[in-house]
2 protein chains.
Amino acid sequence: MARWQPDARGRLLLAAVDLFTEQGYDATTAAHIAQRAGLTKTTLFRLFADKREILFQGQAAQVSTAAAGVSSAPEGASAVDLLHCGLQALCAEHVPEQQELGRRINSLIATSEELQERAAFKRATIAAALSAAMAARLQDPRQAVPLADVGVRAYYDGFAAWTDARRAEGLAEVVLDELDGLLSSLRSALTGVTPSAGQVRRRVRSVR
Amino acid sequence: MARWQPDARGRLLLAAVDLFTEQGYDATTAAHIAQRAGLTKTTLFRLFADKREILFQGQAAQVSTAAAGVSSAPEGASAVDLLHCGLQALCAEHVPEQQELGRRINSLIATSEELQERAAFKRATIAAALSAAMAARLQDPRQAVPLADVGVRAYYDGFAAWTDARRAEGLAEVVLDELDGLLSSLRSALTGVTPSAGQVRRRVRSVR
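- The name an unreviewed UniProt entry assigns to chain A is AcrR family transcriptional regulator, from the organism Motilibacter peucedani.

## Topic: the nonpolar core
Among soluble globular proteins, nonpolar side chains are generally buried collectively.
Then comes step 1: Ranked by size, the top nonpolar core spans 74 residues in total, and within it A:L87, A:M134, A:L147, B:L87, B:M134 and B:L147 carry the most contacts.
Then comes step 2: When near neighbours in sequence (up to four residues on either side) are disregarded, B:L87 contacts B:L130, B:G151, B:Y155, B:V175, B:L176 and B:L179.

## Regarding helix α7 (residues 98-110) of chain B
Then comes step 1: In a regular helix each residue adds 1.5 Å, so 13 residues correspond to 18 Å; α7(B) covers 18 Å between its end C-alpha atoms and thus fits that length.
Then comes step 2: Among all positions of α7(B), only B:Q99, B:L101, B:G102, B:I105, B:L108 and B:I109 are buried.

## Details of the interface of chain A and chain B
Interfaces are frequently sized by the accessible area removed from exposure as the parts join.
Then comes step 1: Counting from both sides, the interface comprises 29 residues of chain A and, opposite them, 29 residues of chain B.
Then comes step 2: Summed over both sides, the interface between chain A and chain B buries roughly 2,700 Å², with carbon and sulfur atoms accounting for 63% of that surface.
Then comes step 3: By the criterion of area lost to chain B, the three top residues of chain A are A:E117, A:R142 and A:L190, representing 24% of everything that side buries.
Then comes step 4: Linking chain A with chain B are four salt bridges.
Then comes step 5: The shortest N-O distance in the salt bridge between A:E117 and B:R52 comes to 2.7 Å.
Then comes step 6: At the boundary of chain A and chain B, one finds nine residue pairs in polar contact (both at pLDDT 80 or more).
Then comes step 7: The set of elements that each furnish at least two residues to the side of chain A that touches chain B consists of α6 (79-92), α8 (113-135), α9 (144-164), α10 (171-191) and α11 (197-207) of chain A.
Then comes step 8: If one sorts the elements of the side of chain A that touches chain B by residue count, α10(A) sits on top with nine residues.

## Points about the packing of helix α7 (residues 98-110) of chain A against α8(A)
All names here are of chain A.
Then comes step 1: Close contact between α7 and α8 brings their axes to 7 Å; oriented N to C, the two are set at 120 degrees. Contacts between α7 and α8 involve L108, I109 and A110 from the first element and L115, Q116 and A119 from the second.
Then comes step 2: Classifying every residue of the contact of α7 with α8 gives five nonpolar, one polar and no charged.

## With respect to a negative patch on the surface
Then comes step 1: A cluster of acidic residues, A:D26, A:D50, A:E114, B:D26 and B:E114, forms a negative patch on the protein surface.
Then comes step 2: Among the structural elements, A:D26 can be located in the loop between α1 (8-23) and α2 (30-37).
Then comes step 3: The exposure class of A:D26 is exposed, given its relative accessible area of 67%.

## Here's the deal with the packing of aromatic side chains
Then comes step 1: Across all of its chains, the model carries six aromatic pairs over all chains by this definition.
Then comes step 2: Judged by centre distance (5.5 Å) and plane angle (80 degrees), the rings of A:Y155 and A:Y156 are edge-to-face.
Then comes step 3: Residue classification places A:Y155 among the buried positions, given a relative accessible area of 4%.
Then comes step 4: Assessed through its relative accessible area of 22%, A:Y156 is described here as partly exposed.
Then comes step 5: Relative to B:W162, the ring of B:F159 lies with its centre 5.9 Å away and its plane at 45 degrees, an arrangement referred to as tilted. Here B:F159 and its partner B:W162 are both found in helix α9 (residues 144-164), three residues apart, which amounts to about one turn of the helix. Each member of the pair, B:F159 as well as B:W162, carries the same accessibility label: buried.
Then comes step 6: Of note, A:K51 hangs over the ring of A:Y25, and the distance from its end group to the ring centre comes to 4.3 Å.

Cut-offs applied
Residues numbered from 1 in each chain as written. Chains lettered and ligands numbered in written order. Predicted model: local features only at pLDDT ≥ 70, side-chain atom pairs only at ≥ 80, totals over all residues. Heavy atoms only, no water. Core = buried A, V, L, I, M, F, W, Y, C linked by side-chain atoms within 4.5 Å. Buried < 20%, exposed > 50% of the residue type's maximum accessible area, 1.4 Å probe, protein only. Contact = heavy atoms within 4.5 Å. Helix = DSSP H or I, 4+ residues; strand = E, 2+ residues; numbered from the N terminus. Expected span 1.5 Å × (residues − 1). Buried area = accessible area lost by both parts, 1.4 Å probe. Salt bridge = Lys/Arg side-chain N within 4 Å of Asp/Glu carboxyl O. Polar contact = N/O pair within 3.5 Å; in protein donor to acceptor, adjacent residues only side chain to side chain. Axes fitted to C-alpha atoms, helices over the stretch in contact; angles between N-to-C directions. Nonpolar A, V, L, I, M, F, W, Y, C, P; charged D, E, K, R; others polar. Patch = residues over 30% accessible without salt bridge, like charges linked within 9 Å, V, L, I, M, F, W, Y side chains within 5 Å. Areas by Shrake-Rupley, 256 points an atom, 1.4 Å probe, with all protein chains shown as cover. Lys, Arg positive; Asp, Glu negative; His and termini not counted. Charge placed at Lys NZ, Arg CZ, Asp CG, Glu CD. Phe/Tyr/Trp six-rings, centres within 6.5 Å; stacked < 30°, edge-to-face > 60°. Lys NZ or Arg CZ within 6 Å of the ring centre and 35° of its normal.

So, in structure tokens, the structure goes:
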């Protein structure tokens, strides 16, 4: 019997990332991960349906965080303001110590189509949560779906930029900069107006 | 040995959809599907990695169709024009006879998280193809990513509306109407300008 262990989920995550990196995702078994984490297989399967779910354990929390962030926006907030609040709440969950772990998880996902499928599904789930929360607050709820898509794109691209370049700013700053670039590209595509040099600089900075 | 069979892929698709509907996705084996299609299991596994891939067999063709559609756009086409060309090419692949089959496949996907994951991945793959083809043609390639996301949203939502309501128009008309609604919602969210009554009517019509 395993004795009580603090943060079993976190230990399983670290063990899984280490083992998937060392010997590949396919070759690593749940038993192996449990052993490395100093836990029993029973504990692992009590927490996760399979080895893959260990990597995506944040999904439920991210879905409620995104929705709560949107709901916390002040009265009269515009669609873009609501999106900002949702993304800021999502970003606030990440501490700088997660930068390296996030980079390693993203590298792992890139090696496996099975993981990429799961990642695409997680992303769609977060977009749906953001969109539903925004629609509930908007006078024109049809703005929610396409804006939530842009927001999730900014969140993921910003997260990758933050982890890859080990950027010193907080994640929220990088993500909102990315969002600003995407929205300004969209605005120019939809109105034919070229963004100002300042906006372009911000965008160039944000993709470095 | 199976004798030569025309359209083995199409027969496997129909057999898979029938069996998944009758007895559930999890309970249906590849052997069962091959048998229903009058083919050997060897033939099935020569064409598809597993039973799930039978449902997503269009992916590679859709990726090249989307890219080719964008590339075929006239010189000087705007970002939105390029997107139109890509989506029209995608829609041209669907004939009215596929309406019922598309509806059944979408219903099946809704019953299984495994299928939803695969569908989200397919969707991301088509978005990436559209976006890459658009970026190659645009003076400001940063418009490609967010517009391709909106385009894929319009394609999927339009396809669902086309199949669910067995709409008489061609798929392209429904999808471009959906795109028009999404872009006009985005435009109003980004510029603060409320769309005209005519635009709103088009959008309301497009979601029916």
